[in-house]
Amino acid sequence: MTTATATQKKTPITVAYGDGIGPEIMDATLRIINAAGAQLEPEVISIGESVYTRGLTNGIEPSSWDSLRRTRVFLKAPITTPQGGGFKSLNVTVRKTLGLYANVRPCAALYPYIDTKYPKMNLVIVRENEEDVYGGIEHRQTQQVTQALKLISRPGSEKVLRYAFEYAKQNNRKKVTCFTKDNILKATDGLFHKIFDEIGADYPEIEKEHWIVDIGAAKMSDTPEAFDVLVMPNLYGDVLSDVAAQIAGSVGIAGSANIGDHCAMFEAIHGSAPRRAGQNLANPSALLMGAVMMLNHIGQSEIAQKVHNAWLKTIEDGIHTYDIYQEGTSKQKVGTREFADAVIERLGREPSTLKPVRYNASAPMDLHARPFKPMEEKRLVGIDVFVDWTGGGADDLAGVLQLKIPEGLTLQMLSNRGTKVWPDGSPETFLSDHWACRFIADGPHTVSHHAIVELLSRLASDNIDFIKTELLYNFDGKPGFSLAQGQ
Ligand code: NAD
């Protein structure tokens with residue numbers, strides 16, 4: 001365990017006080033961790049509403065990046081995102097700019113001191129933080145149809161999955177569970193699941209399991225104590241980490257860490273609660289738990305443990321802010337400042353009913369990248385041409401297209417919103433104006449890009465409105481593309 005003494009070198013961190021209740025809970029958090037002996041050298045930057053209203057659509061001053069790159073550690077209070085269009089999410093900007101690939105959110109019940117239906121719940125969600133549909137790559141292609149691209153990469157998945165296993169190992173957790181929807185999303189979620197199995201093999205001491213996300217989410221909402229560490233792609237993690245925090249007792253007590261190779265950001269999971277701002281009402285616990293994760297990250301684990309246990313003792317003593325106060329269980333309703341004072345008074349003490357935490361930074365994580373995977377042979381075998389077309393049924397479109405096909409390609413099928421409609425379509429299938437026309441090599445040869453261009457040129461000369469193309473590749477002989485339903 002690392003000991004932070006008065007002589008230890010101070011760690012520079014970047015601090016943002018944020019909006020709404022942000023300044024009050026940041027003040028409380030810094031007072032507590034400083035009183036505990038944290039060795040920090042904060043640099044303050046301004047983010048959020050005041051920056052947005054000065055016309056910076058990301059909510060952050062360009063000069064603030066210098067501080068973040070210098071300190072590499074960001075303790076951030078919540079901000080208010082202005083209403084109306086044109087503003088970008090600051091959180092998404094920071095995550096993507098700094099490559100913060102893993103979002104870590106512990107959700108543990110503190111029963112009976114904070115009410116919950118799940119007294120034994122104690123899980124951690126590790127959410128992939130950069131990929132999936134969060135690229136925000138969306139298009140409207142026809143009168144009727146819009147699309148969002150879901151991107152899952154091998155290196156992105158490897159990083160977050162390795163992190164989940166290393167987190168489990170460092171925190172003495174016994175099981176890592178992966179949620180995906182790979183029964184439907186075979187290429188994207190299928191890759192995430194496959195890499196979970198590959199990386200999991202490096203951790204024989206840790207139990208591993210995979211659930212389809214729908215039934216897994218149902219199980220987590222019903223029996224959360226069945227899970228330990230959970231890891232999942234971005235969108236499922238976004239939704240389920242809020243569910244987990246809520247059913248543990250309150251979103252007001254959960255902190256989160258956003259981890260990257262070079263930088264990390266720590267915060268509360270809740271927003272700026274503007275209606276509670278400036279009244280000394282807000283619960284600083286979630287930001288404080290974010291700060292505890294930060295202290296662990298920078299090697300000041302002894303301080304992290306001292307703060308966390310004093311906080312548990314305060315909760316156990318029934319000293320509660322309004323949001324967790326309950327008649328009968330709570331002893332004293334306090335404001336933000338008084339809550340912080342109560343935690344400071346208890347520094348050095350541990351809870352007696354709740355389990356005290358033990359942190360150990362002497363076992364650093366091994367986040368090595370996997371050895372380079374040999375390149376697979378990539379071979380072009382066809383093209384899906386997406387067409388905006390309202391000129392009749394599937395047979396009519398197939399008839400038009402078949403007159404246009406250059407040598408070496410053949411029209412294999414038409415699909416509409418993912419369902420095969422030609423050949424042998426079903427008369428009941430609803431047909432939108434958005435068609436995928438699959439042209440495939442008519443033999444074992446590789447298709448040339450010239451043949452693709454020739455095909456598109458012929459379609460263009462017949463005023464076929466192709467709105468998007470996807471080239472079809474085999475990798476080591478295996479198709480790298482989905483089959484349509486019904487195919
Ligand atoms: P919110 O989390 O601010 O508030 C939801 C509810 O929880 C409110 O009733 C609020 O009073 C209560 N609450 C939240 N934190 C509390 C605390 N520490 N102590 C006591 N009560 C607390 O969510 P919202 O109202 O949807 O959003 C308000 C603003 O925050 C919006 O502008 C939103 O965009 C922003 N927001 C920011 C972040 C962030 O900076 N990471 C995250 C979420 C929302």
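Look a little higher up for the structure.
Residues numbered from 1 in each chain as written. Predicted model: local features only at pLDDT ≥ 70, side-chain atom pairs only at ≥ 80, totals over all residues. Heavy atoms only, no water.

### Some remarks on the nonpolar core
Ile 33, Val 126 and Trp 311 are the most contacted members of the largest nonpolar core, which has 77 residues in total. A total of nine residues in this core trace back to one element, the largest contributor, which is helix H9 (residues 285–297). Taken domain by domain, this core gets at least three of its residues from each of domain 1 (8–99 + 256–361) and domain 2 (117–248). The residues contacting Val 126, other than those within four sequence positions of it, are Ala 102, Asn 103, Val 104, Val 160, Tyr 163, Ala 164, Val 229, Leu 230, Val 231 and Met 232. Among the nonpolar cores identified, the runner-up in size contains 27 residues, and Leu 397, Leu 409, Val 421 and Cys 437 belong to it. (Core = buried A, V, L, I, M, F, W, Y, C linked by side-chain atoms within 4.5 Å. Buried < 20%, exposed > 50% of the residue type's maximum accessible area, 1.4 Å probe, protein only. Helix = DSSP H or I, 4+ residues; strand = E, 2+ residues; numbered from the N terminus. Domains from an automatic or database assignment. Contact = heavy atoms within 4.5 Å.)

### Quick word on the side chain of Thr 321
Mapped onto the elements of the fold, Thr 321 is located in the loop between strand S13 (319–320) and strand S14 (332–333). Overall, Thr 321 belongs to the buried group, its relative accessible area being 0%. Setting aside chain neighbours within four positions, we find Thr 321 in contact with Leu 281, Ala 282, Asn 283, Pro 284, Val 334, Gly 335 and Phe 339.

### Quick notes on the sheet that holds strand S4 (residues 100–108)
Spatial ordering of the open sheet is given by S2-S1-S3-S12-S11-S4-S5-S10-S8-S9, a layout of 10 strands whose pairing is mixed. Every other strand in the sheet has two partners, leaving strand S2 (40–45) and strand S9 (207–212) as the edge strands with one partner each. Within this sheet the neighbouring strands show an average axis-to-axis angle of 20°, counted without direction. Examined bridge by bridge, S4 and strand S5 (residues 122–128) share seven bridges and lie antiparallel to one another. The residue bridging Ala 102 from the neighbouring strand is Glu 128, located in S5. Each of S5, strand S8 (175–180), S9 and strand S10 (229–232) touches helix H6 (residues 188–200); the most contacted strand, S8, lies at about 165° to it. (Pairing = 2+ DSSP bridges. Axes fitted to C-alpha atoms, helices over the stretch in contact; angles between N-to-C directions.)

### With respect to unusual backbone geometry
Of the consecutive residues Tyr 111 and Pro 112, the connecting peptide bond is found in the cis state with omega at 5°. Cis geometry marks the peptide bond from Trp 422 to Pro 423; its omega dihedral reads -10°. Here Pro 423 shows up in the loop between strand S17 (419–422) and strand S18 (434–441). At Arg 72, a residue that is not glycine, the phi angle is positive and equals roughly 65°. Among the secondary structure elements, Arg 72 is positioned in the loop between helix H3 (64–71) and strand S3 (73–76). You can call Arg 72 partly exposed: its relative accessible area is 45%. Here Ala 273, not a glycine, exhibits a phi torsion of approximately 35°, which is positive. With respect to the secondary-structure elements, Ala 273 resides in the loop between strand S12 (264–268) and H9.

The values reported here are purely geometric and, on their own, carry no functional implication.
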